[in-house]
Amino acid sequence: MGRQIRVRGVVLAASLLLAATGCTANGTGDRTGSGPSAPPPAPAPAGSSAAPPRAGDGTAGGGELLPGLAGVAVARTQLAGLRVAPGGTMAGYSRAVFAHWAEQGGACNTREVVLRRDGADVVQDAECRAVSGRWKSLYDGAVVTDAAKMDIDHLVPLAEGWRSGAAAWDAAKRKAFANDLARPQLLAVTAASNRSKGDQGPDLWQPPDRSSWCVYGRAWTTVKSAYGLTVTEAEKKMLTTMLDTCAA
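In this report, we go over the structure that sits alongside the text.

About the cut-offs
- Residue numbers here run from 1 along each chain, matching the order of that chain's written sequence.
- Local features in a predicted model are, by the rule used here, given only for residues with pLDDT of at least 70; side-chain atom pairs are given and counted only at 80 or more, and totals for whole chains, interfaces and linings are based on all residues.
- With hydrogens and water set aside, each side-chain value is computed from the structure's full complement of heavy atoms.
- Here an axis means a line fitted to C-alpha atoms, over the contact stretch when the element is a helix, while the angle between two N-to-C directions is reported on a 0 to 180 degree scale.
- Numbered from the N terminus, helices here are DSSP runs of H or I no shorter than four residues, and strands are runs of E no shorter than two.
- Should an angle fall under 35 degrees it is called roughly parallel, over 145 degrees roughly antiparallel, and 65 to 115 degrees roughly perpendicular, with every other angle called oblique.
- Each crossing is labelled by how the near helix is turned from the far one, with a counterclockwise turn of less than a right angle marking it left-handed and a clockwise turn marking it right-handed.
- Contact criterion: two residues are considered in contact whenever any of their non-hydrogen atoms come within 4.5 Å of each other.
- Gly falls in the polar group here, along with every residue not listed as nonpolar (Ala, Val, Leu, Ile, Met, Phe, Trp, Tyr, Cys, Pro) or charged (Asp, Glu, Lys, Arg).
- We call a residue buried when its accessible area falls under 20% of the maximum for its residue type, exposed when it is over 50%, and partly exposed in between, using a 1.4 Å probe and counting protein chains only.
- Polar contact is defined as a pair of N or O atoms within 3.5 Å, subject to the rule that within protein one atom must be able to donate a hydrogen and the other to accept it, and that residues adjacent in sequence are counted only when both atoms are side-chain atoms.
- Think of it this way: DSSP has to see at least two bridges between two strands before they count as a pair.

Description of the packing of helix α2 (residues 72–81) against helix α7 (residues 213–227)
- As a packed pair, α2 and α7 sit with axes 9 Å apart at the nearest point and diverge in direction by 50 degrees. Accordingly, the angle class assigned to the pair α2 and α7 is oblique. Two packed elements cross with a definite hand, and for α2 against α7 that hand is left-handed. Packed against α2, whose contacting residues are Val-72, Ala-75, Gln-78 and Leu-79, the element α7 presents Cys-214, Arg-218, Thr-221, Thr-222 and Ser-225 at the interface.
- Residues of the contact of α2 with α7, tallied by class, amount to 4 nonpolar, 4 polar and 1 charged.

Some thoughts on helix α3 (residues 110–118)
- A large share of α3 lies buried, amounting to 7 of its 9 residues.
- Three or more residues of α3 are buried, namely Thr-110, Glu-112, Val-113, Val-114, Leu-115, Arg-117 and Asp-118.
- Looking at the buried side of α3, the elements it contacts are β1 (119–124), β2 (130–136), β4 (150–154) and β5 (186–190).
- Capping the start of α3 is the job of one residue whose side-chain oxygen sits 3.1 Å from the backbone nitrogen of Arg-111: Asn-109.

With respect to the pairing of β4
- Across the 5 residues of β4, 5 count as buried, placing the element largely inside the fold.
- By the bridge criterion, 5 bridges tie β4 to β5 in an arrangement that is antiparallel. For His-154, the partnering residue across the bridge sits in β5 and is Leu-186.

With respect to the sheet that holds β2
- As summarised here, the arrangement of the 3 strands in space is β1-β2-β3, forming an open sheet in which the pairing is antiparallel. One side of each edge strand has no neighbouring strand; the edge strands of this open sheet are β1 and β3 (143–144).
- Two strands pair when backbone bridges link them, and β2 and β3 are joined in this way by 2 bridges, in the antiparallel orientation. Residue pairing in the sheet places Trp-135 in a bridge with Val-144 of β3.

Right under this line is the structure:
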């Protein structure tokens, strides 16, 4: 009888110790009952923002998680490395030479992928069209719940790309530029702000929401650097001003 009491005492003490340390009897340490915890995310590449947000989580609309967005220091280095040249002519330009929107698998094209990426609670129909959701426009800070009121902006406009080097590209490179999901070249913004911008560079048009200037300047510089496009003197000066708005 004394032996049984001692054994039960040892078992009870061990159980109390496991509970205190948060462990379960199988040694997994899972306190939620939902299975093993997910591994930590892989670190983002040096000098760039985190990986692109999951579809529909609404984080890209704030700008910071745009894919491939350079950090401030990297953007300054990229800007210093851009070739300064006068803007080229529009001779031969047509939006049609920048094939878009490209098919991205299933029924989705590039536009629908960006709407899903940049929105929150986005619901799409069988043809991949956004039928509901919520989007925050980086340029003017507006919050929109109707996808029809959103445009997908080419951050570096197609015409601006043409004037700064794309006139010499082949069709494949122009298509890649117009449908680039790997860099901060595409962004869901209000139709009103996008049409106000038109094809103007940052020296002629700046987002009305000044708090977006840091992200805008970094994104513009990232894209121009990636594609080897030129900048004008006035454009470079304004990009420097935008990068100067970034928090230290």
